[in-house]
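Spelled out, the chains give:
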Amino acid sequence: MARASYRPLRRDDLPHLFRWLREPHVVEWWRNVPADLAAVEAEYGPCVDGDDPTELFIVESARRPVGMIQRYLIADEPAWWPAFDGIIDVSNAAGIDYLIGEIDAVGKGLGTTLIAGFVADVFAWRPVDSIVVTVQQANPASWRILEKAGFTRIWSGELDSP
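Let us look at the structure shown here. In every chain, residue numbers begin from 1 and rise along the written sequence. Reporting in this predicted model follows two pLDDT cut-offs: at least 70 for local features of residues, and 80 or more for side-chain atom pairs to be given and counted; totals over whole chains, interfaces and linings ignore these cut-offs and use all residues. Only hydrogens and water are set aside; all other atoms, that is, all heavy atoms of the structure, feed into the side-chain values.

**Some thoughts on the environment of S61**
Formally: Strands are runs of DSSP state E lasting at least 2 residues, helices are runs of H or I lasting at least 4, and numbering of each runs from the N terminus. Polar contacts, as used here, are pairs of N or O atoms within 3.5 Å; protein pairs need one atom able to donate a hydrogen and one able to accept it. Residues neighboring in sequence count only if both atoms are side-chain atoms.
Inspection of the secondary structure puts S61 in strand β2 (residues 55–61). Separated by 53 residues in the primary sequence, S61 and P8 have C-alpha atoms spaced 14 Å apart. Among the polar contacts listed, one links the side chain of S61 to the backbone oxygen of R3, at a separation of 3.3 Å.

This is how it looks when you write it as structure tokens:
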């Protein structure tokens, strides 16, 4: 299985992120794809600068940037709370999102390795009782990655999300 590591995302990583967000295999599943690098800086720059509580990381394989993973407390995202009503209590949950942007790194086991290691760090990061991942319903590869990394699917359907 491929080895994956991660490090905090820096401003000089934003061009990588911009390119990855425009790759067809990412666009298919990622919401709100930025139109240009300035939009990426506006969206993700506050996280890099510490002005937004979401933490972003560059995923690396053999020291090469290949993707991004982020973590956040759902409590910091009140616009999302109604989407989970009746499904799961997210009052003490973290959320994660991830992408492997380099097409030649897809399907090599990086996602599973990454998620499995990242989960332990999320639980060490904050005293949360669960980690929630909102996977696109039609993305079976992402479902498989999460299940291989130890996640349990508790619900499937379409969230009414912001």
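**Re empty space enclosed by the protein**
For the record, the criterion: Of the grid points, spaced at 1 Å and generated over the protein atoms alone, those admitting a 1.4 Å probe that cannot get out make up cavities, while open sets with protein on both sides within 12 Å along at least five of seven lines make up pockets; any residue with an atom within 4 Å of a point is treated as lining. Grid points are joined across faces, edges and corners, and a volume is the space filled by probe spheres set on the points. Charged means Asp, Glu, Lys or Arg here, nonpolar means Ala, Val, Leu, Ile, Met, Phe, Trp, Tyr, Cys or Pro, and polar covers whatever is left, Gly included.
Here the structure, examined in full by the defined rule, presents one cavity of 30 Å³ or more. Considering only enclosed or pocket space, the largest cavity measures out at about 60 Å³ in volume. Looking at the largest cavity, the residues that line it are Y72, I74, E77, W80, F84, G95, V132, V133 and T134. Considered class by class, the residues forming the lining of the largest cavity number six nonpolar, two polar and one charged.

**Thoughts on the sheet that holds strand β5 (residues 130–132)**
Rule in force here: By this definition, two strands are paired if DSSP reports at least two bridges between them. Here an angle of 0 to 180 degrees is reported between the N-to-C directions of two axes, which are lines fitted to C-alpha atoms, with helices fitted over the stretch in contact.
Spatially, β1-β2-β3-β4-β5 is the arrangement adopted by the five strands of the open sheet, whose pairing is mixed. Looking at strand neighbours, the two that pair on one side only are β1 (5–8) and β5, the edges of this open sheet. When strand polarity is set aside, the average angle formed by the axes of neighbouring strands in this sheet is 30 degrees. Both strand β3 (residues 64–73) and strand β4 (residues 93–100) contribute to a ladder of seven bridges, which runs antiparallel. Paired with L73 across the bridge in β4 is A94.

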